[in-house]
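Structural characterization, general
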Amino acid sequence: DAGITQSPRYKITETGRQVTLMCHQTWSHSYMFWYRQDLGHGLRLIYYSAAADITDKGEVPDGYVVSRSKTENFPLTLESATRSQTSVYFCASSGGVWESGTYEQYFGPGTRLTVT
Amino acid sequence: EDKVVQSPLSLVVHEGDTVTLNCSYEVTNFRSLLWYKQEKKAPTFLFMLTSSGIEKKSGRLSSILDKKELSSILNITATQTGDSAIYLCAVGTGANNLFFGTGTRLTVIP
């Protein structure tokens, strides 16, 4: 189906393990984003990508790594998971920036990650 | 530091009431203000307001951008239980980032 998907939807892992969250979109949107959502903080941008092989840090990038070898995929890796990274992670995509504004972002269903 | 503040944090109303949600912002390079609705899943897009489009309406929902006051309101008239959700305000900047507020949790009781 067309749209933006994330996998897994739920993940429990132990402190220190490497975890990769997957994001796939079928719209050929140039921009893709990773957010985490925590109580009291709302949605915070981790990393974003303007195109394949172009990525940039957001507000809270520490402890995360991203790559974008193909336009449709934008995986997020936690190199050594910590309890503070327990959160709900949302991937989003958009058509980009235009002269008068910012294209709306469309969100995936989210991945609930628990680090024990 | 870019900042988006929403108020109130939560709100409980009865079906049929009208509600007004507030969003104020301090950001560099403002491009647009967006409203999203989040139920028990991903945020879904409602409106985008820019300098060239400061008022939007869709059914019972409407929104206005006040660039002078650096704020926006989201109005919902004749509320229904299906309007219960967290409403998120986000401000878009030139880097294509969206800065989100923490949201207003709206509960509509029958």
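Below is a short write-up of the structure.

Quick notes on the rules
- Residues numbered from 1 in each chain as written.
- Chains lettered and ligands numbered in written order.
- Predicted model: local features only at pLDDT ≥ 70, side-chain atom pairs only at ≥ 80, totals over all residues.
- Heavy atoms only, no water.
- Helix = DSSP H or I, 4+ residues; strand = E, 2+ residues; numbered from the N terminus.
- Buried < 20%, exposed > 50% of the residue type's maximum accessible area, 1.4 Å probe, protein only.
- Contact = heavy atoms within 4.5 Å.
- Areas by Shrake-Rupley, 256 points an atom, 1.4 Å probe, with all protein chains shown as cover.
- Salt bridge = Lys/Arg side-chain N within 4 Å of Asp/Glu carboxyl O.
- Core = buried A, V, L, I, M, F, W, Y, C linked by side-chain atoms within 4.5 Å.
- Polar contact = N/O pair within 3.5 Å; in protein donor to acceptor, adjacent residues only side chain to side chain.

Right, let's get into the overall build of chain B. When you go through chain B residue by residue, the secondary structure sums to zero helices and 11 strands. Each principal axis of the C-alpha atoms in chain B carries an extent, and together these give about 40 × 25 × 20 Å. Residues counted as buried form 47% of the 110 residues belonging to chain B. By sequence separation, contacts in chain B at least 24 residues apart represent 55% of the contacts at least 6 residues apart. Counting every atom, chain B has about 5,200 Å² of accessible surface; 51% of that belongs to carbon and sulfur.

Tallying each qualifying case throughout the model produces five salt bridges over all chains. Notably, a salt bridge pairs A:Asp38 with A:Arg44, separated by 3.0 Å at the nearest N-O pair. By the burial criterion, A:Asp38 is buried, and A:Arg44 matches it. Here B:Asp83 makes a salt bridge to B:Arg60, at a shortest N to O gap of 2.8 Å. Here the residue B:Asp83 occupies a position in the loop between strand S8 (71-76) and strand S9 (85-93), and B:Arg60 occupies one in the loop between strand S6 (55-58) and strand S7 (61-66), the gap between them amounting to 23 residues. What you see here is one network of salt bridges that share partners, running through A:Arg36, A:Asp38 and A:Arg44.

What follows concerns the nonpolar core. Counting residues in each nonpolar core, the largest one holds 22 residues, and the members touching the most others are B:Tyr25, B:Phe30, B:Leu33, B:Trp35, B:Tyr87, B:Val91 and B:Leu106. Broken down by secondary-structure element, the contributors of at least two residues to this core are strand S3 (19-26), strand S4 (30-38), strand S5 (44-49), S7, S8, S9 and strand S11 (104-109) of chain B. Residues A:Leu45, A:Tyr48, A:Phe107 and B:Leu34 belong to the second largest nonpolar core, which totals 19 residues.

The subject of this paragraph is the side chain of B:Asp83. Residue and element names in this part refer to chain B. Asp83 sits in the buried class, given a relative accessible area of 4%. A distance of 2.8 Å separates polar atoms of two side chains, one belonging to Asp83 and the other to Arg60. A distance of 2.8 Å separates a polar side-chain atom of Asp83 from the backbone nitrogen of Gln80. Apart from the residues within four sequence positions on either side, Asp83 is in contact with Lys37, Arg60, Ile76, Leu106 and Val108.

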